[in-house]
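# An overview of the molecular structure
Single-letter residue listing:
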There are 2 protein chains.
Amino acid sequence: MEPRQRITQKTIELFIHNGIRQVTMDQIAEETGMSKRTIYEMFKDKDSLVWECLETMNRKHMQEVQDILADASNVIEALYKFGLHGEKKKSEINRLFFEDLRKLYPHFWETLKKGAQPGSGSFSCRILEKGIEEGIFLKDINVEVVDAFFYVIMETFHKKDIFPQNITHQELIRNIIVPYFRGISTEKGKKLIEEYENR
Amino acid sequence: MEPRQRITQKTIELFIHNGIRQVTMDQIAEETGMSKRTIYEMFKDKDSLVWECLETMNRKHMQEVQDILADASNVIEALYKFGLHGEKKKSEINRLFFEDLRKLYPHFWETLKKGAQPGSGSFSCRILEKGIEEGIFLKDINVEVVDAFFYVIMETFHKKDIFPQNITHQELIRNIIVPYFRGISTEKGKKLIEEYENR
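Residues numbered from 1 in each chain as written. Chains lettered and ligands numbered in written order. Predicted model: local features only at pLDDT ≥ 70, side-chain atom pairs only at ≥ 80, totals over all residues. Heavy atoms only, no water.

## Notes on the overall build of chain A
Counting its regular elements, chain A contains 11 helices and 0 strands. Ordering the α and β elements of chain A from the N terminus gives α-α-α-α-α-α-α-α-α-α-α. Considered along the principal axes of its C-alpha atoms, chain A spans approximately 60 × 40 × 30 Å. In chain A, which comprises 199 residues, the share counted as buried stands at 42%. Within chain A, residue pairs in contact and separated by at least 24 positions form 64% of the contacts whose partners lie at least 6 positions apart. Positive and negative charge centroids in chain A, built from 30 and 32 side chains respectively, lie 2 Å apart. (Helix = DSSP H or I, 4+ residues; strand = E, 2+ residues; numbered from the N terminus. Buried < 20%, exposed > 50% of the residue type's maximum accessible area, 1.4 Å probe, protein only. Contact = heavy atoms within 4.5 Å. Lys, Arg positive; Asp, Glu negative; His and termini not counted. Charge placed at Lys NZ, Arg CZ, Asp CG, Glu CD.)

Next comes the structure, spelled out in structure tokens:
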């Protein structure tokens, strides 16, 4: 592995386990067995390293969801697997990581979010189009509107204060995402949703 | 009509036609045929008068939607009538009214919005519960979650920048509200939605 890549990989691991703030350049040097000087030759400061780590994580994530979509036998299966994959990843990452990201690197956070925004040609639009081709989503839906609205739903999930206290993620999915997808689905789609819901 | 009520009624008319900012106390005096002094005896300033007008409009609106619900033969009919009623009212009010409200009286605007917020016992929760009783909405929905989410949908409709440009209100309803309601409805409910959609 190239030194640059080795540093990024190791730093990502440290971030995932400890959040971003607590991880020092000294610690990174120690863990990679490299001198701080060598690291600073490649990354001018911690911020540059953080940004490269975030970009790497993001690229990896996009590759993973694309692989899930390619391997799934239909888009409903893919959507369920995205959900499970997301939950698993979230459970593996120290929540300090997300807190630090929002508090200390709001600009990075906004840039990453922007990249995942809806719109023609986006990954989520492609999923909807694939679903229509597979006869799962209704032909007459406006893909861009549904896509934008799905983005609103995802944003809503982070604003838990509008929902009753102690509501579970599962209960939100059952009352928000599942009904909406049922509503844009054909009979074939609705049957698949029921199948996956009962698993 | 009591003088206080006469002032409020006339001022509401003026606000509806001209927005709030442009309407002066002189104009109100002229239109009501009362002296400014008399008006100031009842309302210490324009802000107090604005607030009383907003409260009156709000009370009237709540009475109207309650009447619609009472007269409707089922909740789906009521929901469609709410939509039509809202559209009609909006078309009758000068859009300066809403702009002035947001810009000049953000505190009033927030208070009014707060009163319409979701939660157990709210008007919208009662509609959902009535729908369940009527066999129109699925028994196993979590009324509070659906209610809160419906509030999110309504908020979303005002943030048109996230949707494709020039999208019509109709197209948003067809792709967002209708599918979601279909998704929380029983077979009976879905049939009713189809019936009203085809009208």
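Now that the structure is up, let's keep going.
## What about the interface of chain A and chain B?
Interfaces are frequently sized by the accessible area removed from exposure as the parts join. At the junction of the two partners, chain A supplies 27 residues and chain B supplies 27 residues. Interface area for chain A against chain B, summed over the two sides, is near 2100 Å², with a carbon-plus-sulfur share of 66%. Considering only the surface of chain A that becomes buried against chain B, Val145, Phe149 and Asn175 of chain A emerge as the three largest contributors, covering 25% of it. At the surface where chain A touches chain B, the tally comes to 2 salt bridges. If you look at where chain A meets chain B, you find 10 residue pairs in polar contact (both at pLDDT 80 or more). The element best represented in the side of chain A that touches chain B is helix H10 (residues 169-183) of chain A, accounting for 9 residues. A class-by-class count of the residues in the side of chain A that touches chain B yields 17 nonpolar, 4 polar and 6 charged. (Buried area = accessible area lost by both parts, 1.4 Å probe. Salt bridge = Lys/Arg side-chain N within 4 Å of Asp/Glu carboxyl O. Polar contact = N/O pair within 3.5 Å; in protein donor to acceptor, adjacent residues only side chain to side chain. Nonpolar A, V, L, I, M, F, W, Y, C, P; charged D, E, K, R; others polar.)

## What about the packing of helix H5 (residues 75-92) of chain A against helix H11 (residues 187-198) of chain A?
Residues and elements named next belong to chain A. Relative orientation of the contacting elements H5 and H11 amounts to 35°, with a least axis distance of 9 Å. Handedness of the crossing formed by H5 with H11: right-handed. Taken together, the residues of H11 that come into contact with H5 (itself represented by Ile76, Glu77 and Tyr80) are Gly189, Leu192, Ile193, Tyr196 and Glu197. Counted by class, the contact of H5 with H11 contains 5 nonpolar, 1 polar and 2 charged residues. (Axes fitted to C-alpha atoms, helices over the stretch in contact; angles between N-to-C directions. Left-handed = near helix turned anticlockwise from the far one by under 90°.)

## Some words on the confidence of the model for chain A
All names here are of chain A. Per-chain confidence: chain A averages 91 in pLDDT, with 98% of residues scoring 70 or above. Element-level mean pLDDT values for chain A span from 80 in helix H7 (residues 106-115) up to 96 in helix H1 (residues 3-18). The ipTM, which scores confidence in the relative placement of chains, is 0.79 for this predicted complex, and the corresponding pTM is 0.82. (pLDDT = per-residue confidence, 0-100.)

## A word on unusual backbone geometry
Residue and element names in this part refer to chain A. The backbone phi angle of Asn166 is positive, close to 60°, even though this residue is not glycine. Examined against the element boundaries, Asn166 turns out to sit in the loop between helix H9 (143-158) and H10. For Asn166, a relative accessible area of 76% puts it in the exposed group.

## Some thoughts on the relation of the copies chain A and chain B
Rotating chain A by 180° and translating it 0.1 Å along the rotation axis places it on chain B, where the RMSD comes to 0.1 Å. In short, the pair behaves as if placed about a two-fold rotation axis. (Least-squares fit on C-alpha atoms with pLDDT ≥ 70 in both.)

## As for the nonpolar core
For soluble globular proteins, the rule of thumb is that nonpolar side chains tend to be buried together. Grouped together as the largest cluster of nonpolar side chains are 73 residues, with contacts concentrated most on Phe137 and Ile176 of chain A together with Ile176 of chain B. The next biggest cluster of nonpolar side chains, apart from the first, holds 24 residues, and it includes Ile16, Cys53, Leu54 and Phe108 of chain B. (Core = buried A, V, L, I, M, F, W, Y, C linked by side-chain atoms within 4.5 Å.)

## Section: the pattern of salt bridges
Taken as a whole and assessed by the stated rule, the structure comprises 28 salt bridges over all chains. Notably, a salt bridge pairs Lys10 of chain B with Glu13 of chain B, separated by 3.3 Å at the nearest N-O pair. Placement of the pair is Lys10 of chain B and Glu13 of chain B together in helix H1 (residues 3-18), with a separation of 3 residues, close to one helical turn. Classification of Glu13 of chain B by relative accessible area gives partly exposed; the value is 39%. Linked by salt bridges that have partners in common, Lys60, Glu64 and Lys89 of chain A make up one network.

## Description of helix H11 (residues 187-197) of chain B
Within H11 of chain B, burial applies to Gly189, Lys190, Leu192, Ile193 and Tyr196 of chain B. Down the axis of H11 of chain B, the buried side of the element spans an arc of 160°, and every buried residue falls inside it. Turned more than 90 degrees away from the buried face of H11 of chain B sit Glu187, Lys191 and Glu194 of chain B, all of them exposed. Tucked into the core, H11 of chain B has its buried residues touching H11 of chain A together with helix H5 (75-92) and helix H10 (169-183) of chain B. (Arc of directions from axis to C-beta.)

## Quick notes on the packing of aromatic side chains
This structure, assessed with the given rule, holds 19 aromatic pairs over all chains. An aromatic cluster of at least three residues, connected via ring pairs, comprises Phe137, Phe149, Phe150, Tyr180 and Phe181 of chain A together with Phe137, Phe149, Phe150, Tyr180 and Phe181 of chain B. The ring of Phe43 of chain B has Arg4 of chain B lying over it, and the distance from NZ or CZ to the ring centre is 4.5 Å. (Phe/Tyr/Trp six-rings, centres within 6.5 Å; stacked < 30°, edge-to-face > 60°. Lys NZ or Arg CZ within 6 Å of the ring centre and 35° of its normal.)

## Looking at helix H4 (residues 46-71) of chain A
The first and last C-alpha atoms of H4 of chain A sit 37 Å apart over 26 residues, in line with the 38 Å expected at 1.5 Å per residue. Turning to H4 of chain A, its buried residues number three or more, namely Lys46, Leu49, Val50, Cys53, Leu54, Thr56, Met57, Glu64, Val65, Ile68 and Leu69 of chain A. (Expected span 1.5 Å × (residues − 1).)

## Some points on the side chain of Glu77 of chain A
Along the chain, Glu77 of chain A falls in helix H5. Glu77 of chain A has contacts with Ala72 and Tyr196 of chain A, leaving out every residue within four places of it along the chain.

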